[in-house]
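Listed here are the chains, written in short residue letters.
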Amino acid sequence: MLSQLFEEELIMALRVTPGMMQSQLMRNINHNLTRMQGQQNELSTGLKLNKPSDDPIGITYSLRYRSELAMNEQYDKNIAQAKSLLEHTDTVLGQVNDVVQRVQELVTQGLNDTNPQSGLDAIATEIKQIYSQMITFGNDQLNGKYIFNGQMTDKQPYDPTAAETSNADTQQINMKFAAGVTVPINITGNEVFGASSDGDNLFQVLKSIQTALTSNNKADLAAASAKLNTRYDKIINVRSEVGARTNRVELIDTRLQDLNYNLTTMQSNVEDADMAETIMKYNQEESIYQASLSTGAKIIQQTLVDYLR
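Just so it is clear, the model here is predicted, and its values are computed rather than measured.

Definitions and limits used
- All residue numbers refer to position in the chain's written sequence, counted from 1.
- Residues qualify for local features only when their pLDDT is at least 70, as the model is predicted, and side-chain atom pairs are given and counted only at 80 or more; totals for whole chains, interfaces and linings, by contrast, use all residues.
- Side-chain calculation: all heavy atoms of the structure are included, whereas hydrogens and water are not.
- Strands are runs of DSSP state E lasting at least two residues, helices are runs of H or I lasting at least four, and both sets are numbered from the N terminus onward.
- Per-residue accessibility, obtained with a 1.4 Å probe over protein chains only, is compared with the maximum for each type, and a residue is labelled buried under 20%, exposed over 50%, and partly exposed between these values.
- We call two residues in contact whenever any of their non-hydrogen atoms come within 4.5 Å of each other.
- Accessibility throughout is a Shrake-Rupley quantity obtained with a 1.4 Å probe, and a residue counts as covered only by protein chains that appear here.
- Axis definition: a line fit to C-alpha positions, over the contact stretch in the case of helices; interaxial angles, taken between N-to-C directions, run 0 to 180 degrees.
- Put simply, angles under 35 degrees are roughly parallel, angles over 145 are roughly antiparallel, angles from 65 to 115 are roughly perpendicular, and the rest are oblique.
- Put simply, a crossing is left-handed when the front helix is turned counterclockwise from the back one by less than a right angle, and right-handed when it is turned clockwise.
- Method remark: on a 1 Å grid restricted to protein atoms, a set of points is classed as a cavity if a 1.4 Å probe fits but cannot get out and as a pocket if it is open with protein on both sides within 12 Å along at least five of seven lines; lining residues have an atom within 4 Å of a point.
- Grid points are joined across faces, edges and corners, and a volume is the space filled by probe spheres set on the points.
- In this classification, the charged set is Asp, Glu, Lys and Arg, the nonpolar set is Ala, Val, Leu, Ile, Met, Phe, Trp, Tyr, Cys and Pro, and all remaining amino acids, among them Gly, are polar.
- Here, nonpolar core refers to any group of buried Ala, Val, Leu, Ile, Met, Phe, Trp, Tyr and Cys residues whose side-chain atoms link them within 4.5 Å.
- For a helix, the expected span equals 1.5 Å multiplied by the residue count minus one.
- Throughout, the arc means that of the directions going from the helix axis to the C-beta atoms.

> Which residues make up the overall build of the chain, and what are the values?
Along the backbone of the chain there are nine helices and four strands. Walking the chain from its N terminus toward its C terminus, one meets helices and strands in the order α-α-α-α-β-β-β-β-α-α-α-α-α. Counting the 309 residues in the chain, one finds 38% classified as buried. Partitioning the contacts of the chain with sequence separation of at least 6, the portion at a separation of at least 24 is 69%. When the accessible surface of the chain is split by element, carbon and sulfur atoms take 52% of a total near 17,700 Å².

Now the structure itself:
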């Protein structure tokens with residue numbers, strides 16, 4: 001008798017009530033709806049990483065890729081700035097080179113003993129104009145900054161009234177293009193025109209040439225010509241240095257673009273959703289959700305299923 005009562009109580013305790021069935025059904029339907037909405041969210045955003053909980057490990061890589069790409073974006077700006085300055089500097093140096101060659105031609109004419117004094121005076125007048133043009137080159141600007149005054153780009157390096165006694169700032173502008181990769185991108189005026197203490201200072205040489213022509217002093221003119229040739233060789237070397245730096249920046253730029261492509265690809269692999277796969281999963285989850293609703297309609301009253309819809 002006692003055994004029979006115990007069995008009946010146990011059966012009653014294990015009895016599944018309608019309320020239990022409804023609660024379990026609602027949990028299952030909500031779970032299926034959540035999974036379907038997750039796939040729908042991926043479809044609408046195009047991303048499989050919409051919140052950290054979607055992939056805790058993947059979000060770590062994603063943040064790392066984003067950080068590196070943001071840093072490379074600044075490097076891209078530095079490279080563009082460096083290219084602009086180096087190309088502009090090369091253009092100005094090319095103009096200086098052409099004018100110095102013109103001075104060499106004039107000096108050769110002046111050393112010719114057949115020139116009358118009037119001819120020498122005419123050459124001296126042209127040298128005077130070239131002197132002024134050289135000052136213009138020395139005070140050249142790019143985007144409002146003096147390109148030959150080292151780090152003091154806001155100050156004019158050469159006094160128009162006494163360029164031969166002027167000295168440009170000698171500090172280099174070092175630009176960072178990657179971790180541990182720094183390249184100087186400027187050329188100082190002293191490298192191009194010479195310091196005031198240099199015997200072949202271009203401004204002083206031009207003054208000497210002008211004076212020698214006016215006084216018809218062939219010895220002084222020959223000495224100034226030798227100094228001019230020395231300065232010309234230095235200008236050629238400086239221009240070669242600018243070309244070498246430009247080539248290096250180009251190589252760095254190519255490498256950086258390749259790195260950006262790789263980082264973008266890896267970021268896409270971590271963050272972006274595979275649309276074809278996502279659509280397939282969404283259709284699958286939608287079918288499961290609809291099936292759960294249909295099953296629920298057979299278990300509980302239709303009005304409850306309508307409410308859940």
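On we go from here.
> Help me get a handle on the packing of helix α4 (residues 117-138) against helix α6 (residues 202-215), residues and values and all.
Running from N to C, α4 and α6 cross one another at 165 degrees; their axes reach a closest spacing of 8 Å. For the element pair α4 / α6, the angle class is roughly antiparallel. Where α4 crosses over α6, the two elements pack in a sense that is left-handed. For the pair formed by α4 and α6, the contact residues are Q117, L120, D121, I123, A124, I127, K128, I130, Y131, M134 and I135 on the first element and L202, F203, L206, K207, I209, Q210, L213 and T214 on the second.

> Let's hear about unusual backbone geometry: which residues, and what values?
A positive phi angle is found at N143, which is not glycine, with a value near 55 degrees. Position of N143 among the secondary structure elements: in the loop between β1 (141-142) and β2 (145-146). On the basis of relative accessibility, which here comes to 71%, the residue N143 falls in the exposed class. The backbone of N216 sits at a positive phi, close to 55 degrees, despite the residue not being glycine. As for its position among the elements, N216 is in the loop between α6 and α7 (218-271). A relative accessible area of 36% means that N216 is categorised as partly exposed.

> Got a sec to walk through the layout of surface pockets? Specific residues and values, please.
Roughly 240 Å³ of internal volume is contained in the largest pocket. Q81, L85, L142, K145 and I173 are, among the 13 residues lining the largest pocket, the residues nearest its centre. Looking at the lining of the largest pocket, the elements with two or more residues in it are α3 (56-110) and β2. The leading source of residues in the lining of the largest pocket is α3, at three residues. Tallied by class, residues from the lining of the largest pocket come to six nonpolar, six polar and one charged. Of the voids in this model, the second largest pocket is the one considered here, and its volume is about 200 Å³. In terms of lining, the second largest pocket is formed by 13 residues, of which the most central are N72, Y75, A178, A179 and L259. With five residues, the single largest contributor to the lining of the second largest pocket is α7. Of the residues in the lining of the second largest pocket, the class split is 10 nonpolar, one polar and two charged.

> Go over the nonpolar core, please, and point to the residues and values.
Judged by nonpolar contacts, the single largest core of 52 residues is most densely connected at I127, M134, F177, F193 and I209. Elements with a contribution of two residues or more to this core: α3, α4, β3 (174-178), α5 (189-193), α6 and α7. The element contributing the most residues to this core is α3, with 13 residues. In this structure F177 touches Y75, N78, I79, A82, V183, I185, V249 and I252, once residues within four positions along its chain are discounted.

> Any chance you could break down the environment of F148 for me, citing the residues and the numbers?
Along the polypeptide, F148 turns up in the loop between β2 and β3. Considering only alpha carbons, one finds F148 and T188, 40 residues apart in sequence, at a separation of 4.6 Å. Once you skip the residues sitting within four places of it in the chain, F148 turns out to touch T89, V92, L93, F137, G138, A168, D169, I187, T188, G189, V192 and F193.

> Summarise α4; cite the residues concerned and give the values.
Relative to the 32 Å expected for 22 residues at 1.5 Å per residue, α4 spans 31 Å between its end C-alpha atoms, a close match to the ideal helical length. Every buried residue belonging to α4 is among L120, I123, A124, I127, I130, Y131, M134, I135, F137 and G138, and all of these are buried. Each buried residue of α4 lies within a common arc of 145 degrees when the element is viewed along its axis, so the set occupies one face. In α4, the exposed positions that point more than 90 degrees away from the buried face belong to S118 and Q129.

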